[in-house]
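Geometric and topological summary
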Amino acid sequence: MLRDGHASRRDFLGGLGATSAAVLISNLFAWEKAFAENAAEDGLHVASNAYPWYTYYRRENRDFNADLDAGLADVAAAGLQGFEALLGSPADVDRYAPLLQKHGLEMRSFYISVPLYDKATVNAAIEGILATADKAKAELKTRIVVINPAPLSWNRETGPADKTDEQLTVQAEALNRLGAALRERGMVLALHNHDMELRNAAREFQHMMLATDPNNLTLCLDAHWMYRGSGNSQVYLFDIVKLYGKRVSEIHFRQSQDGVWTEVFGPGDIDYARLARELIAMGVRPHLVLEQAAEDKTPHTMDGVAAHRQGRKYVVELFGRA
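Remember, it's a predicted structure, so these values are computed and weren't measured experimentally.

Cut-offs applied
Residues numbered from 1 in each chain as written. Predicted model: local features only at pLDDT ≥ 70, side-chain atom pairs only at ≥ 80, totals over all residues. Heavy atoms only, no water. Axes fitted to C-alpha atoms, helices over the stretch in contact; angles between N-to-C directions. Helix = DSSP H or I, 4+ residues; strand = E, 2+ residues; numbered from the N terminus. Parallel < 35°, antiparallel > 145°, perpendicular 65-115°, else oblique. Left-handed = near helix turned anticlockwise from the far one by under 90°. Contact = heavy atoms within 4.5 Å. Nonpolar A, V, L, I, M, F, W, Y, C, P; charged D, E, K, R; others polar. Buried < 20%, exposed > 50% of the residue type's maximum accessible area, 1.4 Å probe, protein only. Polar contact = N/O pair within 3.5 Å; in protein donor to acceptor, adjacent residues only side chain to side chain. Pairing = 2+ DSSP bridges. 1 Å grid on protein atoms, 1.4 Å probe; cavity = no way out; pocket = protein on both sides within 12 Å on 5 of 7 lines; lining within 4 Å. Points joined across faces, edges and corners; volume = space filled by probe spheres on them. pLDDT = per-residue confidence, 0-100. Arc of directions from axis to C-beta. Phe/Tyr/Trp six-rings, centres within 6.5 Å; stacked < 30°, edge-to-face > 60°. Lys NZ or Arg CZ within 6 Å of the ring centre and 35° of its normal.

Right, let's talk about the packing of helix α8 (residues 199-210) against helix α10 (residues 234-244) for a bit. Look at α8 against α10: their axes get within 12 Å of each other, and the N-to-C directions meet at 15°. If you check the angle between α8 and α10, you find them roughly parallel. Classified by chirality, the crossing of α10 by α8 is right-handed. In contact with Ala 202, Phe 205, Gln 206, Met 209 and Leu 210 of α8, α10 contributes Tyr 236, Ile 240, Leu 243 and Tyr 244. Its residues placed into classes, the contact of α8 with α10 shows eight nonpolar, one polar and no charged.

In this structure, Glu 106 sits in the loop between α5 (90-102) and β3 (109-112). Looking at Glu 106, the relative accessible area reads 15%, which means it is buried. Within the structure, Glu 106 has its side chain in polar contact with the side chain of Arg 108 (distance 3.0 Å).

A few words on the pairing of strand β1 (residues 46-49). Because side chains alternate across β1, one face comprises the buried residues Val 46 and Ser 48, and the other comprises Ala 47 and Asn 49, equally buried. Where β1 lies against strand β2 (residues 82-84), three bridges are found, and the strand directions are parallel. When the sheet's bridge partners are listed, Asn 49 is paired in β2 with Glu 84.

Within a regular strand, the side chains alternate between the two sheet faces. Taken across its five residues, strand β6 (residues 218-222) has five buried, putting it largely inside the fold. By the alternation rule, side chains of β6 split into Thr 218, Cys 220 and Asp 222 and Leu 219 and Leu 221, which are all buried. Pairing geometry for strand β5 (residues 188-191) and β6, over two bridges, is parallel. Looking at the pairing, Ala 190 lines up with Thr 218 of β6. The pairing of β6 with strand β7 (residues 248-253) spans four bridges and is classified as parallel. From the neighbouring strand, Cys 220 faces β7, where its bridge partner is Glu 250.

Okay, empty space enclosed by the protein next. What the rule picks out here adds up to two cavities of 30 Å³ or more. The wall of the largest cavity is formed by Asp 162, Lys 163, Met 196, Glu 197, Arg 199, Arg 203 and Glu 204. Class assignment for the residues of the lining of the largest cavity results in one nonpolar, no polar and six charged. Quantified by volume, the second largest cavity comes out at close to 30 Å³. Looking at the second largest cavity, the residues that line it are Tyr 56, Glu 263, Val 264, Phe 265, Leu 290, Gln 292, Ala 307, His 308 and Gly 311. By residue number, the principal contributor to the lining of the second largest cavity is helix α12 (residues 304-319), which donates three residues. Residue composition of the lining of the second largest cavity, by class: five nonpolar, three polar and one charged.

All right, on to the confidence of the model for the protein then. The predicted model of the protein averages 90 in pLDDT, with 86% of residues at 70 or higher. With pLDDT under 50 throughout, residues 1-23 is counted as low confidence; its partners more than four residues away or in other chains account for 36 contacts.

Now for helix α11 (residues 272-281). Those residues of α11 not exposed but buried are Tyr 272, Leu 275, Ala 276 and Leu 279. Along the long axis of α11, the arc covered by the buried residues comes to 100°, so they all point the same way. Residues of α11 that are exposed and point more than 90 degrees away from the buried face comprise Arg 277 and Ala 281. Buried residues belonging to α11 abut β6, α9 (223-229), α10, β7 and α12. One side-chain oxygen of the residue at the start of α11 lies 3.4 Å from the amide nitrogen of Ala 273, identifying that residue as Asp 271.

Quick look at the packing of aromatic side chains now. Applying the stated criterion across every chain yields a total of 12 aromatic pairs. The interplanar angle of 50° and the centroid separation of 5.8 Å between the aromatic rings of Phe 253 and Tyr 272 together place this pair among those described as tilted. In this pair, Phe 253 is assigned in strand β7 and Tyr 272 in helix α11, connecting sequence segments 19 residues apart. The pair Phe 253 / Tyr 272 is uniform in exposure class, with both members buried. Connected via pairs of aromatic rings, a cluster forms that spans Trp 53, Tyr 54, Tyr 57, Phe 64, Phe 83 and Tyr 96. Over the ring of Tyr 57 we find Arg 62, and its NZ or CZ is 4.0 Å from the ring centre. Above the plane of the ring of Tyr 96 lies Arg 95, whose end atom (NZ or CZ) is 6.0 Å from the centre.

Backbone-to-backbone hydrogen bonds pair the strands of a sheet. The strands run either parallel or antiparallel. Pairing in this open sheet of eight strands is parallel, and the strands run β2-β1-β10-β7-β6-β5-β4-β3 from one edge to the other. Across the chains shown, the open sheet's two edge strands, defined by having one partner strand only, are β2 and β3. Geometrically, the sheet is characterised by an average inter-axis angle of 30° between neighbouring strands, direction not taken into account. Relative to β5, strand β4 (residues 144-147) runs parallel, the two being bridged by four bridges. Looking across to β5, one finds that Val 145 is bridged to Leu 189. Contacts from helix α7 (residues 165-184) reach β4 and β5 within the one sheet, and its direction differs from that of β5 by about 145°.

In structure tokens form, the structure reads like this:
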């Protein structure tokens, strides 16, 4: 429907609002029953991304990756059922597989950030991602690949200008191709963004969504980056939910108070109760991933285990189901 990027927004919404939306949701979550045996007693599988653990460890002068066995033990001790690692190669799967099994954790999704805007390197990048995905699916039963197409620079102040229209076109075509290849493997590609993709009328984010087939590219909704990247706007966040809610395959949960990341995921600047209601009303049951992290002004009253344990309880309040 949107392969050529020429469909109007109204056509897009209309198409997703009918039969194609039901088919898309069915395709996205067909594997949910297969994972039911590893849900917690409350019936909910909640994972965490690796990034929060890096930040909680760092403020205690520790390195999460220095002792991955101990780190994943903390993830399990927090009452979580899954871990979303940053995987850069098939070798990373070999590193995680025995430790995840040891600690009773799944890796339903993994995160990767690679450049996809350069014609000279994009084919090799896609091949590398597929190799990692194949390994992760075979060894860990992973089904979601969360991708953040790398920016020209991570330096928000002095880095290069934003991607050109040509680079955005190359990137969107790459995502569509990668997503189609993953779908053939029974996997899902989910787009993740930070604030940089929302600059200049969100041209990068919007083009990635509008120039790709919804069956090939879903959305990892990082609600707080949507909020922060739009000038701390819930209006923008919920407009995105209205536009693309049926493409949400995963949520990254992070909260703030007066714009500063909180130590624990809970009530705050973003109305997550409303977000849960709207997605559930759409029939969307996304993969739930805590990404509550610490930044400079975040309070420091507890460690990562305690913070994640409390955060998981709030996720259950929002998305728990009988």
